[in-house]
Amino acid sequence: MADFGPTRVLEVLKAEGALTASVVGRHLDMTAVGARQHLNRLCAAGLVTFEDRRQAVGRPKRLWSLSDQGHAHFDDRHRDLASELLAAIVVAHGDAGLASILAAREEQQLQRYRAALGKGGSIAERVQRLTDLRRIDGYMAECRQDTDGAWLMTENHCPIAQAAKACSGLCGAELKLFQDVMGKDAQVTRIQHMLGGDRCCAYRVVSRR
């Protein structure tokens, strides 16, 4: 039996964006009526909101999505501390000190990811292993292959979003990390970015061969 709890409804909206009650129900293997009951309760709690979108024919379509409070439900509780620490590092050691600390973090991440991905394997295998790592790290990551053969890795949540707002270098470091662990035979491009206003972060991975 699927988990019909409010948390699962929030997770579906976080991963998929604005949806109708019937589509939410399909994701959770339940009726539209049941999904709508959950959504109405979550709306009353301030966690979701809705928009009635007019159509050419018939009644308006009601699309449900997370409110700001709903998005905050997924945030790292230590996000404020992380931002404060980054600011304190700049005050104490300057921009050069922060750059040095970020470089050390990048190297640690690179070694951990390389150890987990191993050597060799196809691009598909590497993308799938990288997606698993990002999911473990709290990014609600998923991947799929497009019809043109390229791979798309999507991160539906960013547990370091608050820190990344305070230090844009964190996002640049992650893109470089993905490129390094995928290897020289793959090209990684960020095509969506949460800090740029997109719903998620998404990366396109193609073969250089």
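Residue indices follow the written sequence of each chain, beginning from 1 at its first position. Where local features are concerned, this predicted model is filtered to residues with pLDDT of at least 70; where side-chain atom pairs are given and counted, the filter is 80 or more; whole-chain, interface and lining totals use all residues. To get the side-chain values, all heavy atoms of the structure are used, and hydrogens and water are removed first.

## Considering the overall build of the protein chain
In plain terms, the rule: Numbering of helices and strands runs from the N terminus, with a helix taken as a DSSP run of H or I at least four residues long and a strand as a DSSP run of E at least two residues long. Exposure classes here rest on a 1.4 Å probe applied to the protein chains alone. A residue is buried below 20% of its type maximum, exposed above 50%, and partly exposed in between.
Each helix and strand in the protein chain was counted, giving 8 helices and 6 strands. Taken from N to C terminus, the helices and strands of the protein chain fall in the order α-α-α-β-β-α-α-α-β-β-α-α-β-β. Its C-alpha atoms give the protein chain principal-axis dimensions of about 55 × 45 × 35 Å. Across the 209 residues of the protein chain, 38% fall into the buried class.

## Considering helix α1 (residues 6–16)
Short version of the rule: Contacts were defined at the residue level, with two residues in contact if any of their heavy atoms lie within 4.5 Å.
All of the buried residues along α1 are Val 9, Leu 10, Val 12, Leu 13, Lys 14 and Ala 15. Lining the buried residues of α1 we find α2 (21–27), α3 (32–44), β1 (48–53), β2 (61–66) and α4 (68–72). Once α1 finishes, Gly 17 follows within two positions and takes phi at roughly 85°, a positive value.

## Brief notes about the nonpolar core
Within soluble globular proteins, side chains that are nonpolar tend to cluster in buried spots. The following threshold applies: The definition of a nonpolar core used throughout is a set of buried Ala, Val, Leu, Ile, Met, Phe, Trp, Tyr and Cys residues joined through side-chain atoms within 4.5 Å.
Among the nonpolar cores identified, the biggest contains 18 residues, and Ile 123, Leu 130, Phe 178, Val 181, Met 182 and Val 205 are the most heavily contacted of them. Of all the secondary structure elements, the ones that give two or more residues to this core are α5 (79–117), α6 (123–136), β4 (151–155), α8 (169–182), β5 (186–192) and β6 (201–207). Counting residues in each nonpolar core, the second largest holds 17 residues, with Val 9, Leu 10, Met 30 and Ala 35 among its members.

## Comments concerning the packing of aromatic side chains
Just so we agree on the cut-off: Here a Phe, Tyr or Trp ring, Trp counted by its six-membered ring, pairs with any other such ring whose centre lies within 6.5 Å, and the pair is stacked when the planes are under 30 degrees apart, edge-to-face when over 60, and tilted otherwise. Only when the NZ atom of a Lys or the CZ atom of an Arg is both within 6 Å of the ring centre and within 35 degrees of the ring normal do we say a charge sits over the ring.
According to the stated counting rule, one finds 2 aromatic pairs in the structure shown. Seen from their ring centres, Phe 178 and Tyr 203 are 4.8 Å apart, and the 90° between their planes marks the pair as edge-to-face. One end of the pair, Phe 178, is in helix α8; the other, Tyr 203, is in strand β6, with 25 residues separating them in the sequence. Judged by relative accessible area, Tyr 203 falls into the buried class, the value being 1%. Stacked on the ring of Phe 50, the Lys or Arg Arg 62 has its end atom at 3.8 Å from the ring centre. Over the ring of Tyr 139 we find Arg 134; its NZ or CZ atom is 3.7 Å from the centre of that ring.

## Digging into the packing of α1 against α3
Rules: Throughout, an axis means a line fitted to C-alpha atoms (over the contacting stretch in the case of helices), and angles, computed between N-to-C directions, take values from 0 to 180 degrees. Angular relationships are summarised with four words: roughly parallel below 35 degrees, roughly antiparallel beyond 145, roughly perpendicular across 65 to 115, and oblique for the angles in between. Under the scheme applied, nonpolar residues are Ala, Val, Leu, Ile, Met, Phe, Trp, Tyr, Cys and Pro; charged residues are Asp, Glu, Lys and Arg; polar residues are all the others, including Gly.
Put simply, α1 and α3 touch, their axes get as near as 10 Å, and they point 90° apart. With respect to α3, the element α1 is oriented roughly perpendicular. Across the interface between the two elements, Pro 6, Val 9, Leu 10 and Leu 13 from α1 touch His 38, Leu 39 and Leu 42 from α3. Of the residues in the contact of α1 with α3, the class split is 6 nonpolar, 1 polar and no charged.

## A short note on the packing of α6 against α8
Operational definition: Left-handed is the label given to a crossing in which the near helix is rotated counterclockwise from the far helix by less than a right angle, and right-handed is the label when the rotation is clockwise.
Where α6 meets α8, the closest approach of the two axes is 10 Å, and the angle between their N-to-C directions is 140°. On the basis of the axis angle, α6 is oblique to α8. In the crossing of α6 with α8, the sense of the turn from one axis to the other is right-handed. Contacts from Ile 123, Arg 126, Val 127, Leu 130 and Arg 134 in α6 reach Glu 174, Phe 178, Val 181 and Met 182 in α8. Considered class by class, the residues forming the contact of α6 with α8 number 6 nonpolar, no polar and 3 charged.

## Some thoughts on the side chain of Gln 109
Assignment of secondary structure puts Gln 109 in helix α5. For Gln 109, a relative accessible area of 9% puts it in the buried group. When near neighbours in sequence (up to four residues on either side) are disregarded, Gln 109 contacts Arg 134 and Leu 177.

## Some words on the environment of Leu 13
Here Leu 13 shows up in helix α1. Taking C-alpha positions, Leu 13 is 15 Å from Glu 142, a pair spaced 129 residues apart along the chain. In this view, Leu 13 contacts Leu 19, Val 24, Leu 39, Val 48, Trp 64, Ser 65 and Leu 66; residues no more than four positions away in its chain are not counted.

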